[in-house]
Structure formats: structure tokens, C-alpha cells
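Spelled out from the first residue to the last, the chains are:
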Amino acid sequence: MSNSEETPQLYAAREPVFPRRVKGTFRTLKWVIMALTLGVYYIAPWIRWDRGPNLPDQAILIDLANRRFYFFMIEIWPHEFYFVAGLLIMAGLGLFLITSALGRVWCGYTCPQTVWTDLFVTVERWIEGDRNARIRLWRSKWDLHKWRLRITKWVIWFLIAIATGGAWVFYFTDAPTLLHNLLTGQAHPIAYTTIFVLALTTFIFGGFMREQVCIYMCPWPRIQAAMMDEDTLTVAYRSWRGEPRGKRRKGADVEGLGDCIDCNACVNVCPMGIDIRDGQQLACITCALCIDACDDVMDKIGKPRGLIDYIALSDEPLERAGAKPRNIWKHVFRLRTLIYMGLWSAVGLALVVALFIRPDIDVTVAPVRNPTYVVLSDGSVRNTYDVRLLNKHGTDQPFRFSITSEVPLELALEGDDDLTVTVPADSTMLQRVYVTAAKGSPAASADRTPFRLWVEDLSSSDRAYKDTVFNGKVK
Amino acid sequence: MTKAPKKQKKEVKTTGHSWDGIEELNNPLPRWWLWTFYGCIVFALVYMAAYPAIPLLKEATPGFLGWSTRQDVAKDIKKFDDANKALEEKLVATDLTQVSEDAELYHYATSAGAAVFRTWCIQCHGSGGQGAKGFPNLLDDDWLWGGDVETIYTTVTHGIRSSADDDTRTGEMPAWADVLEPDETKSVIEYVLKLSGQDADQQLAEAGAIVFEDNCAACHGDDGTGDRDLGAPNLTDAIWLYGGDRATITETVTKGRHGVMPNWNARLNDADIRSVTLYVHQLGGGE
């Protein structure tokens, strides 16, 4: 091992990034997506949905206190949490699909970090001017002018940040009531704390951390490398067309130079502060703003667009050899993405089917295993079952119990003379149930006797059942 | 055009380390990362001083905030005790037979009773209340002293043959080996087996019927159905506290039985006793 004389710098200060304004196809697409995602985020909790009396009228509501999740006409109970698991699986598969087909489009267009940073940069540009003005301001002394601009920017950022944290809490309780309480200072401290913490993280992440969140904090860029292959479309520089790069000066010899005029437009617009011409790199979120910037320059110098473009790696040898690249859809629809699409659709279909065959009443049976049976004074054998009844109707419903089995068994309810109980509206109820086999009867002396426990909703005639077993006394 | 802040040089530098010609690249970490790391170390040191941290022989260093999990538990217990106070007082003031009319109170009583049962009763009666040899099964419909709430309440409060309580339930199965002749014992056992519908020697049982009438009927009744005032078990049913086979009955008759249940008024307050009474009553055997 040898050491050089110079001590290397293992840590470095952040180099500030001042993305320049850009216009073009992808910038427009980003504006649309920003409007859509922010719009949905801020407006969704305010949509109303009438569910009748005693139930919340908020279309999207995560009611933690009452353990319910409302999404328009859908109501999810805790025991149906598999819907949430299913949605998470779909989100995961969806990301696999999108990433393997189009690379890091999630990062470039829809990730909250990207969207809010984009919004914060827009505000910054509006207050402090475009790239050059911002660099000048950054270099200038802290005089009154600079303080005024900076404080104005920070205040607007913080207002956006508070609105961001504020919108979050509306998903968890009735939004109009909470807003009123928040403004009058009567809301729960947890609401204020949540808003404050989220506002602070939004302010710091969007205003100051920016690209560092993606580079140093986010695990997703690392995972994505495993999902991309040579057919994945990513933002890339056609070096075989652009190189050798060189500025076009008057009278200079442009013979032998590539299309890249080394104007640095792609570098100046990049929110990550990188140079796409260095090739695919970890810091690139594929926001495609460099494509817009470069296309603009190519138009001006009368060269074809697409020096920087969405390109699949497998097309590079073709293009270098002067052949035409393959059709873009052949890259998107290939075995890998088709398998992801198939899996994604299968999970989605299963969830939709599960959603529509959900019953309005349900019963779960937990046989008491401690002890498995009790011998009564007349020698008969009794089993106990903890039965949980579920009534999703908005009204109290009478439920009647019955059993079907191949051998005689007798049914009784704890604390109830007949076999009917009333389950309160929109709730579950625990009822202890006894099943008895007479002395010497087949079930009393058999090890396990299967039977079926039925509950019938007397007012709607809905029926539900569970199969369970009776444990006999075996000598 | 204004010059942009100086960009880092294009080529990635090495740290200068080289092993067999393999060089280590240097991609410098952001400096704030370093300060965050130092910040965490400082936080850890402060945390160690503030909270119990370093295990010593007897206990850990206490920390200057004086915090302990035990205090937290005590606080939590007090919080719940305070929250339940009103219900507890109501439970003590309400007639036991009327508690089930009040859904909230009944729910509280049976839930609290379950906790009391798990703490104090399962050692003998089993975690499911199924009992064991010599310790009654509380799930069945057979009761030595009675199975309505009032009777269970008395049993739990004063216990059975508990020497510490003058109001305890008394009544004892004597050791008949001192009183009966061996052949009398043998015949009365056959009679008891016959009473409960088991296989028995008919001749001996006939002789045993007379022995039973002279010696056992005083407590167990002429027909052997027992007497709850004395805690004498019903001998005609399918349930046996110690066992209904010939060998166990022989042991019971010759050596006697006198199981003990503590008087719980010495350890539990009235609300707890009421709670556990209602819990036991709704296990499946309550009358």
C-alpha cells in the first residue's frame, strides 16, 4: 500500500444547483402532472360522500379511532386489511413495471420529493429570478435586498409547507370540522404536531435538501438498478452523434465536430446538478428537462432533435452502426413487462372480485380449546365457541343461530334463552355459544365431529356460516 | 454570462490508497452528513447520561432524569384505576343479581373478573376454569355449594375450610377407615358405583345400601344426590371431583377429603370479588 502526499478530502460541502427555466414537451408534461398530483392531494379530503346517518360523509377518510377506512362507496374494516396489502402489492408491481419499461419516471415526474422541489424551485425563480440572477444573488453580500428576497421566499415556502402538512391531517378526520378547530385553536395537539413536523420536513427537503434527498437518503435509486435492463428507456446522450463536442465560433473550423456545441444548456436546467453527457448515473432522476433544453438548441442551430433523448441501451450498437433503432413499443412490450402487467392485473382483478363478493354480515368462530370439552352432570359433552358476529348494516340487526350436522347436536347461547341476538349497527359483537352432545351420542364419544354454524340476519335473510368441529370425550 | 459556481473537476479523484494497483476512488460525502453523524454521537452521550444506560452489578445507572419503566407502569395503573373508579363504586353498590341488566357495568365486571381470575384463581382452577383433580371444574353445571351469583360470592369471599375466616364454609368428608369395617367399606363403594350408573357388584351393593343409609345419607342424602348446605357432592351424576373409578372412590372413602379454598376477602377488595364472581358465573355453569 502506498500513500500519496496529498490528504484527500473525504467530505465536501454541497454545490448549490440553480436550474434554469426551460420550455418543451416534457416540461409541459411535468406541469400537468404537478397540477394533477398536488390537486388530488389538496382537494381529495374535501370531497363529500353521503353514507346515511351516523356515518362520516367524507369520501376519503382513514378513521383510526373507529378502525374504518372509507373510500367513496367502499368501506374497509380491520379484518379486511388484505385489501391494503393487495394495494401495496399492486403499487410494488406497478413500480417494477414502470421502472423496467420507462426507467425512473416515478422519480422524474411523480415522486413527492420531485413535485414539491419543482414547486419550491418555481417559487424561488418567481421571487429571485432565473438561474443567472439567482447565482448573482447567491454570490452577493447579505444586504437589505438579499434579505428581503430570501425572507419572502422562505415565507412562501413555509406557507406551502404548512398547507402540505395541513392537508395530510384532513385525511384522518372530518376535514371541515378539523379546519374550524385548527383555526380556533381547539384541535388535538397531535394534529398541530403532525402539521408542524410535516411542514418542517417539507420546508427543509423541498427548499434546502432537494437533490441530496435523492442521492444520499432515498433507497429507491439503488433498488431501481436491479429492475432496469438494456431495453429500459432512459434519458441518455447520443454521444456517437454529439462527440467530439465543440463551440461554434465565427470562423472556427467546425469540420469533424459532432452536433454538441457544448452550450451547457442540459447542465444548466438539470435540477440534480449533473451532466447527462457523462452517461447514465445514479443522480439522474430522468426528469427529461435536459431533452427539452437540448431540443431547443438543436432547433436553433438547425440540427435534428434528439441529441439527448429517451433511448434504450440495446439500440446504441444499432445507431452507432447507422441502422434504425427498434420501434419504441418493442422496448416497452417485452416478456418482462408483460409478466409484470399480468401479475399486476391479476392482483387488481382479485381485489375487485373480493370487493364485490364481500358479505354484509359475517361470522367467525373460535372454538375454545382450554378445555376442549366439558362433561356435564348428566354425562353429556359440551363444547364452547367464541363467535364474532359482524353487522355492516347501518341499523341494529337480529341474528339467529342454527347448526347443521350429520349427528344430533344441541345449540345454546350464553346469557340468552332463545337463539337470537341483536347485533348493533355497523359493529361486531362477541357471543359465546355452547354446543352439547347427549351422553353416549355419536358426537360425544367421537374425537372430532365436523358441523356447520349458521347465522341468519332475520331482517334481510342474509346468511353466513362457518365450518368448525366438535370435540368429544374419547376414553 | 455570470459564471456558475466552480464545478468539481470532472475526473473522480482517488483517496491515494492503492493495493496491488487497485485504487480506491473518492466520492466525498456531503459535509452535513458528517455533522449529522457527530450530532448523533453527542445525542447518544446526552441520552446515556439522561436515561438508565450502563448496566452495573445491581442495577443500571439511573440517569439524571430519574426515569424508570416501573414508574411509567405505576402511572399507567393509577390512570386506569382512576378511570375505573366510578364503575368500581357502582359495582359495589349494585345488587349482584342486577349487574347483568347494566350492559356497561356487566362488561366491566366480567372483564375485570377475567383479570382477577387469571391472577389469583388459575393456579388451582386452570386458566380455562376447567379445574383439576380435587379442584372443581367451574365450567360444568355441577356445584358443591351452589352456582348462583350470591352463593359463588359467599364462597369466594370466605373460602372453603379456610382456617383464617370464621365464616368459611365447613363440612368435611371424614376418613371412614376409622369407623367402617373393611367389608362395609367394600360394599358401600359398590353401592356408590351403582348410584352413578357404573358397573358394580350387585350383591355387595345391596349390602352397601344399608351402610350408606346408616353412615353417608346424613350428608349425601338418602338418594345420594348430595347436600349443598354441607358441600356434599351429588354421587349420582357424571362429575367427580377426585375421580369416579373404584380405586379413587376407595381412597376417598377410607382416607376422607378436605380440600381447601382460601378466603379471598383477605387479599381482594369487594369489587374484585364481585367481578370474579360474575366472571365465573358466566363461564357456562352459572345458575
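## Some details on the overall build of chain B
Part 1 of the reasoning: A tally of regular secondary structure across chain B gives nine helices and three strands.
Part 2 of the reasoning: Walking chain B from its N terminus toward its C terminus, one meets helices and strands in the order β-β-β-α-α-α-α-α-α-α-α-α.
Part 3 of the reasoning: The C-alpha atoms of chain B give 35 Å as radius of gyration, which overshoots the globular expectation for 287 residues (19 Å, by more than 25%).
Part 4 of the reasoning: Residues classed as buried in chain B amount to 27% of the 287 residues present.
Part 5 of the reasoning: Sequence separation of at least 24 residues holds for 56% of the intrachain contacts in chain B that already meet a minimum separation of 6.

## Remarks on the overall build of chain A
Part 1 of the reasoning: From N to C terminus, chain A includes 17 helices and 15 strands.
Part 2 of the reasoning: Against the compact-globule benchmark of 23 Å for 475 residues, chain A has a radius of gyration of 33 Å, which places it well outside the compact range.
Part 3 of the reasoning: Summarising its shape, the C-alpha atoms of chain A cover approximately 115 × 60 × 55 Å along the three principal directions.
Part 4 of the reasoning: Residues classed as buried in chain A amount to 27% of the 475 residues present.
Part 5 of the reasoning: A separation threshold of at least 6 residues defines the contact pool for chain A, and within that pool the share at least 24 residues apart is 69%.

## Focus: the sheet that holds strand β3 (residues 68–71) of chain A
Residues and elements named next belong to chain A.
Part 1 of the reasoning: Pairing within the open sheet is antiparallel, and its three strands lie in the order β2-β3-β4. Two strands lie at the open edges of the sheet, namely β2 (60–63) and β4 (74–76), each paired on one side alone. Sheet twist, expressed as the average angle between the axes of neighbouring strands with direction ignored, equals 10 degrees.
Part 2 of the reasoning: Across three bridges, the pairing between β3 and β4 is antiparallel. Its bridge partner lying in β4, Phe71 is registered against Ile74.

## Examining the domain arrangement of chain B
Residue and element names in this part refer to chain B.
Part 1 of the reasoning: Split into domains, chain B comes out as domain 1 (85–167 + 263–281) and domain 2 (176–255).
Part 2 of the reasoning: The centre of domain 1, based on its C-alpha atoms, is set 31 Å off from the matching centre of domain 2.
Part 3 of the reasoning: Listed by partner, the interface residues are 10 residues for domain 1 and nine residues for domain 2.
Part 4 of the reasoning: Across the side of domain 1 that touches domain 2, the residue classes break down as five nonpolar, two polar and three charged.

## So, the interface of chain B and chain A
Part 1 of the reasoning: In this complex, chain B contributes 31 residues to the contact, which on the side of chain A involves 31 residues.
Part 2 of the reasoning: Secondary-structure elements contributing two or more residues to the side of chain B that touches chain A are β1 (14–19), β3 (29–30) and α1 (31–50) of chain B.
Part 3 of the reasoning: With five residues, β1(B) is the single largest residue contributor to the side of chain B that touches chain A.
Part 4 of the reasoning: Taken together, the residues of the side of chain B that touches chain A break down into 12 nonpolar, 13 polar and six charged.

## Quick look at the nonpolar core
Part 1 of the reasoning: Within the largest apolar cluster, 52 residues are counted, with the highest numbers of intra-cluster contacts made by Cys266(A), Leu289(A), Cys290(A) and Ile308(A).
Part 2 of the reasoning: Setting aside residues no more than four positions away along its own chain, Leu289(A) makes contact with Val22(A), Phe26(A), Arg27(A), Val269(A) and Cys270(A).
Part 3 of the reasoning: One finds Val435(A), Cys121(B), Trp264(B) and Leu278(B) within the second-largest nonpolar core, a separate group that totals 44 residues.

## Some thoughts on the packing of helix α2 (residues 69–93) of chain B against helix α9 (residues 270–281) of chain B
Residue and element names in this part refer to chain B.
Part 1 of the reasoning: Remark: α2 packs on α9, axes separated minimally by 9 Å, with the N-to-C direction vectors making an angle of 75 degrees. Comparing their axes, α9 and α2 come out roughly perpendicular. Judged by residue contacts, Glu88, Leu91 and Val92 of α2 engage Asp270, Ala271, Arg274 and Ser275 from α9.

## Quick word on the sheet that holds strand β10 (residues 397–404) of chain A
Neighbouring strands of a sheet are bound in pairs by backbone hydrogen bonds; such pairs are parallel or else antiparallel.
Residue and element names in this part refer to chain A.
Part 1 of the reasoning: The antiparallel open sheet is built from four strands, whose spatial order is β12-β10-β14-β15. Only two strands of the sheet have a single neighbouring strand rather than two, namely β12 (420–423) and β15 (463–471). Across the sheet, the axes of successive neighbouring strands diverge by a mean angle of 30 degrees, strand direction being ignored.
Part 2 of the reasoning: As paired strands, β10 and strand β14 (residues 448–457) are joined by six bridges and run antiparallel to one another.

## Some thoughts on the domain arrangement of chain A
Part 1 of the reasoning: By the assigned domains, chain A splits into domain 1 (25–83 + 101–224), domain 2 (233–337) and domain 3 (361–471).
Part 2 of the reasoning: Look at where the C-alpha atoms of domain 2 of chain A and domain 3 of chain A centre, and you get two points 71 Å apart.

## Observations concerning the confidence of the model for chain B
All names here are of chain B.
Part 1 of the reasoning: Looking at chain B as a whole, its pLDDT mean stands at 91, while 96% of the residues score no less than 70.
Part 2 of the reasoning: Note that pLDDT drops below 50 for residues 1–9; the model gives that stretch eight contacts with residues more than four away or on any other chain.
Part 3 of the reasoning: Interface predicted TM-score (ipTM) for the complex: 0.80; the corresponding pTM is 0.75.

## Quick word on helix α5 (residues 182–195) of chain B
Residue and element names in this part refer to chain B.
Part 1 of the reasoning: The end-to-end C-alpha distance of α5 is 20 Å, a good match for the 20 Å that 14 residues give at a rise of 1.5 Å each.
Part 2 of the reasoning: Within α5 the residues assigned to the buried category are Ser187, Val188, Ile189, Glu190, Tyr191, Val192, Leu193, Lys194 and Leu195.
Part 3 of the reasoning: Those residues of α5 hidden inside the fold are in contact with α6 (202–215) and α8 (246–255).

## Points about unusual backbone geometry
Residues and elements named next belong to chain A.
Part 1 of the reasoning: The omega torsion of the bond from Glu243 to Pro244 falls at -10 degrees, within 30 degrees of zero and hence cis.
Part 2 of the reasoning: Its location among the elements puts Pro244 in the loop between α11 (239–242) and α12 (265–269).
Part 3 of the reasoning: Cis peptide bonds are those with omega within 30 degrees of zero, and the linkage from Asn370 to Pro371 qualifies with 0 degrees.
Part 4 of the reasoning: Relative to the elements of secondary structure, Pro371 occurs in the loop between β7 (361–367) and β8 (374–375).
Part 5 of the reasoning: At Asn264, a residue that is not glycine, the phi angle is positive and equals roughly 65 degrees.
Part 6 of the reasoning: Inspection of the secondary structure assignment puts Asn264 in the loop between α11 and α12.
Part 7 of the reasoning: Phi angles above zero are rare outside glycine, and Ser461 is one such case at about 65 degrees.
Part 8 of the reasoning: Tracing the backbone shows Ser461 in the loop between β14 and β15.

## Structural notes on the packing of helix α2 (residues 82–102) of chain A against helix α16 (residues 335–356) of chain A
Residues and elements named next belong to chain A.
Part 1 of the reasoning: Interaxial distance between α2 and α16 falls to 9 Å at its minimum, and their mutual angle equals 160 degrees. Considering the angle they form, α2 stands roughly antiparallel to α16. For the crossing formed where α2 meets α16, the hand is left-handed. On the side of α2, the interface is formed by Phe83, Gly86, Ile89, Met90, Leu93, Gly94, Phe96, Leu97, Ser100 and Ala101, while α16 contributes Arg336, Thr337, Tyr340, Met341, Leu343, Trp344, Val347, Gly348 and Leu351.
Part 2 of the reasoning: Looking at side-chain class alone, the contact of α2 with α16 contains 13 nonpolar, five polar and one charged residues.

## Quick look at the environment of Tyr279(B)
Residues and elements named next belong to chain B.
Part 1 of the reasoning: Its place among the elements puts Tyr279 in helix α9.
Part 2 of the reasoning: For Tyr279, a count of 24 C-beta atoms within 10 Å puts it in the buried group.
Part 3 of the reasoning: Apart from residues no more than four positions distant in its own chain, Tyr279 is found in contact with Thr110, Gly113, Ala114 and Phe117.

Definitions and cut-offs
Residues numbered from 1 in each chain as written. Chains lettered and ligands numbered in written order. Predicted model: local features only at pLDDT ≥ 70, side-chain atom pairs only at ≥ 80, totals over all residues. Helix = DSSP H or I, 4+ residues; strand = E, 2+ residues; numbered from the N terminus. Rg over C-alpha atoms; globule rule 2.2 N^0.38 Å. Buried ≥ 20, exposed ≤ 12 C-beta atoms within 10 Å, placed from the backbone. Contact = placed C-beta atoms within 7 Å. Pairing = 2+ DSSP bridges. Axes fitted to C-alpha atoms, helices over the stretch in contact; angles between N-to-C directions. Domains from an automatic or database assignment. Nonpolar A, V, L, I, M, F, W, Y, C, P; charged D, E, K, R; others polar. Core = buried A, V, L, I, M, F, W, Y, C linked by C-beta atoms within 7 Å. Parallel < 35°, antiparallel > 145°, perpendicular 65-115°, else oblique. pLDDT = per-residue confidence, 0-100. Expected span 1.5 Å × (residues − 1). Left-handed = near helix turned anticlockwise from the far one by under 90°.

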